[in-house]
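# Examining the three-dimensional arrangement
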Amino acid sequence: MNPSLEFSQKFVVGYNAACKPLCQELKLPQTALDILLFLVNNPEYKTASDIVEVRKLKANLVSVNVDRLVQEGYLRRKTLLIGTEKARSVVERGREVQNRFLERLLDHTDEAQRAAFFATLETMSKNLDAIIEGED
């Protein structure tokens, strides 16, 4: 198996495992928590269309989970999707899970390795932007 594909799959499984206790406690699907955290962590994105486009999720999956988050009081719907007061503690706890996951992921690495890793990700992101835009 391709090492980068294997890492990518392990990353998703590991992240979902880290989030599972919070999702179970709140009785929220992983996708709903992901959508809520995405919206709050990336305030420049405010619509369901943004979520579909940026996160590459199916529109019906986003719709169902956004409706659930609205019904349960974690989002309010206008034209834009905005986290509510009820979402504040969930977002704080979700961010803690994300931070712990990242720290655990980077265990046994030093600052130089971390800097190189994040610089490489940034370069790869720019390369992906160029590929998507059809640049040579």
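These remarks concern the structure in this document. (Residues numbered from 1 in each chain as written. Predicted model: local features only at pLDDT ≥ 70, side-chain atom pairs only at ≥ 80, totals over all residues. Heavy atoms only, no water.)

## Thoughts on the side chain of Thr84
This is how it is decided: By the criteria applied, helices consist of DSSP H or I runs no shorter than four residues and strands consist of E runs no shorter than two, each listed in order from the N terminus. Burial status follows relative accessibility: with a 1.4 Å probe on protein chains alone, a residue under 20% of its type maximum counts as buried, one over 50% as exposed, and anything between as partly exposed. A 3.5 Å cut-off defines polar contacts: any pair of N or O atoms within that distance qualifies, except that in protein one atom must be a possible hydrogen donor and the other a possible acceptor, and neighbouring residues in sequence count only when both atoms are side-chain atoms.
Take Thr84: it is sitting in the loop between strand 2 (81–83) and helix 5 (87–105). Looking at Thr84, the relative accessible area reads 18%, which means it is buried. Side-chain polar atoms of Thr84 contact the backbone oxygen of Gly73, separated by 2.4 Å.

## With respect to the layout of surface pockets
Applicable threshold: In this analysis a 1.4 Å probe is tested at points of a 1 Å grid over the protein atoms alone, and where it fits but cannot get out there is a cavity; an open set with protein on both sides within 12 Å along at least five of seven lines is a pocket; lining residues have an atom within 4 Å of a point. Grid points are joined across faces, edges and corners, and a volume is the space filled by probe spheres set on the points. In this classification, the charged set is Asp, Glu, Lys and Arg, the nonpolar set is Ala, Val, Leu, Ile, Met, Phe, Trp, Tyr, Cys and Pro, and all remaining amino acids, among them Gly, are polar.
Space inside the largest pocket adds up to approximately 1,200 Å³. In terms of lining residues, the largest pocket is bounded by 24 residues, among which Phe11, Arg55, Phe117, Phe118 and Leu121 are the most central. Broken down by secondary-structure element, the contributors of at least two residues to the lining of the largest pocket are helix 1 (3–26), helix 2 (30–41), helix 3 (48–55), helix 5 and helix 6 (111–132). Among the residues making up the lining of the largest pocket, the classes are represented as 15 nonpolar, six polar and three charged.

## A short note on the environment of Phe101
The test is simple: In this description, contact between two residues means that some pair of their heavy atoms is separated by no more than 4.5 Å.
Mapping Phe101 onto the fold places it in helix 5. Residue classification places Phe101 among the buried residues on the basis of a relative accessible area of 13%. Phe101 has contacts with Phe11, Gly14, Tyr15 and Ala18, leaving out every residue within four places of it along the chain.

## Comments concerning the nonpolar core
Soluble globular proteins: nonpolar side chains tend toward being buried together. Condition: Nonpolar cores are built from buried Ala, Val, Leu, Ile, Met, Phe, Trp, Tyr and Cys residues. Side-chain atoms within 4.5 Å join them into one set.
Counting 25 residues, the largest nonpolar core has Leu36, Ile51, Leu69 and Tyr74 as the members making the most contacts within it. Examining the composition of this core, we find that seven residues originate from one element, helix 2, more than from any other. Setting aside anything within four residues of it in sequence, one finds Leu36 in contact with Leu69, Tyr74, Leu75, Ala87, Val90 and Val91.

## Points about helix 2
Threshold: By definition here, a helix of n residues has an expected span of 1.5 Å times n minus one.
Along its 12 residues, helix 2 runs 16 Å from first to last C-alpha, staying within 8% of the 16 Å computed at 1.5 Å per residue. Of all 12 residues in helix 2, 10 are buried; the element is thus mostly enclosed. Along helix 2, the positions that sit buried rather than exposed are Gln30, Thr31, Ala32, Leu33, Asp34, Ile35, Leu36, Leu37, Phe38 and Leu39.

## What about unusual backbone geometry?
Residues other than glycine predominantly adopt negative phi, and peptide bonds predominantly adopt the trans conformation. If you check the backbone angles, Lys27 has positive phi at about 55 degrees while not being a glycine. Examined against the element boundaries, Lys27 turns out to sit in the loop between helix 1 and helix 2. Even without being a glycine, Lys56 presents a positive backbone phi close to 60 degrees. Considering the arrangement of structural elements, one finds Lys56 in the loop between helix 3 and helix 4 (59–71). Take Lys56: its relative accessible area is 65%, and that puts it in the exposed class.

## Some details on the pattern of salt bridges
Rules: The term salt bridge refers to a pairing of a side-chain nitrogen on Lys or Arg with a carboxyl oxygen on Asp or Glu at a separation within 4 Å.
If you walk through the whole model with that rule in mind, you get seven salt bridges. A salt bridge links Asp67 to Arg77, with the nearest nitrogen and oxygen atoms 2.5 Å apart. Of the two residues, Asp67 sits in helix 4 while Arg77 sits in strand 1 (residues 75–77), which places them 10 residues apart along the sequence. Asp67 gets classed as partly exposed once you look at its relative accessible area, which sits at 34%. Of the charged contacts, one joins Asp107 and Arg104 as a salt bridge, the two residues approaching to 3.0 Å between their closest N and O atoms.

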